[in-house]
Amino acid sequence: MSDASKTTNAKKVFIKTYGCQMNVYDSDRMTDALADHGFSPTQDMGEADLVLLNTCHIREKAAEKVYSELGRIRDFRNEREPGAKKMLIGVAGCVAQAEGEEIMARAPAVDLVFGPQSYHRLPELVARADRERVIDTDFPEEDKFAHLPAPKKEVTISRGLTAFLTVQEGCDKFCSFCVVPYTRGAEVSRPVAQVIAEARALADAGVREITLLGQNVNAYHGVDDKGRQIGLGELCYLLAEIEGLARIRYTTSHPRDMDDALIAAHRDLDKLMPYLHLPVQSGSDTILKAMNRRHTAAQYLEIIDRIKQARPDMALSGDFIVGFPGETDRDFADTLDMVKKVGYASAFSFKYSTRPGTPGAEMDNQVPEAVKAERLEALQAEITAHQTAFNAGCVGLTLPVLLEKKGRNPGQIAGRSPYLQPVHIEADESLIGQILPVEIVDRAKNSLVGTIVTSKVQAV
């Protein structure tokens, strides 16, 4: 085939990703699945033969934002010159899973709708969408990961020094505010050998840090080559043996699955970073029960104590929802008290918003929007105070920093501390890719400023 022929037959895919890290990983894997079928990724929607929106259902009004974007893409397609190549439009992810039929009804321009469990069939679905509108939101029995192609080394290299790796999907907890069990399905863990092989391929391509992903990642129970189920802690020990892989992280966790083996891994493994995202959602036992979290505030704090006994330098992150149905001033005060007791290095906080089909949407005593807004402002102020104090406590310390990329200013490079803080350093870009000791000399609002040194690394 001539070069000219190859150029003529080349196809481009543009993917816009919403929401969580798992969606970022999924978008990469969709790119991988399409690569062997003649598609290469593009950042220019104008040259795309296929436009995909990989959607998230967690944020408020997520679906409406998708419909707005679809309208813009439809208008863009309609403005193409007569005779221009056809552009297919597809919707993937959790909004697609939850509202597939409605998307097809409300957005006639959409050619293809498919859920998170169908990515391995994407080339086949795209081929069908050339002839007819396609919707695929079933939960297949087959393992999509077993059918997805391995990432090509050249593609993996282009993704940088850090990478996401999904090890678990779905959730069996059924928190009353959450759509995940309905959009991602039941908890499923990838086989150990599959995870290790992908992690090793990432390390061989130059990735220094991986973040293990799952809707409930510490519920991981993958099967090894001896037929045993192993947990996330044991998996981390195996990953730590991979040469070239320097750092391991994971997210998002549930307190009920923070077992002794995982805590021991934090104690024993230098590669397992001392930063844990462990959502609690509320500090009130009344609200935790209404949320169906199946743990109390005291039990959560006891888990934090065990973690810090094993790893004293552990920094905590969390999630909070304010204004859940029935939340009183006393309940909210308990949440503020939780933030003070834990001293989070960072945290995410949101106003409760109803999700159709979840128990929370049907509850009485919905909290007025003005009250939710006032509480969120107070909670974020408390969280910011603790984050500021944590960052200030890092000034004067020497931390190992993974130098990842050029900084915003000439002569500057940027990296991440073990605690996931951005660190800006005046240094030559030839150092990118290394993990070096950096003395923290100052802090900005959401980042640190450092100088490379050769002294012994300290811990917070």
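Anyway, here's the lowdown on the structure attached to this text. As the structure is a prediction and not an experimental result, all values here were calculated from the model.

1. With respect to the pairing of strand β21 (residues 448-452)
So, point 1. In this structure, strand β19 (residues 422-426) lies alongside β21, joined through 3 bridges in parallel fashion. Looking at β21, one finds that V423 is bridged to L448.
So, point 2. Counting the residues between successive antiparallel strands, the hairpin from strand β20 (residues 435-443) to β21 contains 4 residues.

2. Considering helix α11 (residues 260-268)
So, point 1. Looking only at α11, the buried set comprises L262, I263, A264, A265 and H266.
So, point 2. Contacts from the buried residues of α11 go to α10 (232-239), β13 (247-251) and α13 (297-310).

3. Some details on the sheet that holds β21
So, point 1. Spatial ordering of the closed barrel is given by β17-β18-β19-β21-β20, a layout of 5 strands whose pairing is mixed. Across the sheet, the mean angle separating the axes of adjacent strands is 55 degrees when strand polarity is ignored.
So, point 2. For β20 and β21, the ladder comprises 5 bridges, and the chain directions are antiparallel. Bridged to R443 within β21 is L448.

4. With respect to the sheet that holds strand β15 (residues 315-322)
So, point 1. Ordered by their spatial adjacency, 3 strands build an open sheet running β14-β15-β16, and the pairing between neighbours is parallel. Edge positions in the sheet fall to β14 (275-277) and β16 (346-351), since each of these pairs with one other strand and no more. Strand-to-strand, the axes of this sheet are offset by a mean angle of 10 degrees, without reference to chain direction.
So, point 2. Pairing of β14 with β15 involves 3 bridges; the strand directions are parallel. In the strand pairing of β15, Y275 is matched with A315.

The rules we used
- Residues numbered from 1 in each chain as written.
- Predicted model: local features only at pLDDT ≥ 70, side-chain atom pairs only at ≥ 80, totals over all residues.
- Heavy atoms only, no water.
- Pairing = 2+ DSSP bridges.
- Helix = DSSP H or I, 4+ residues; strand = E, 2+ residues; numbered from the N terminus.
- Buried < 20%, exposed > 50% of the residue type's maximum accessible area, 1.4 Å probe, protein only.
- Contact = heavy atoms within 4.5 Å.
- Axes fitted to C-alpha atoms, helices over the stretch in contact; angles between N-to-C directions.

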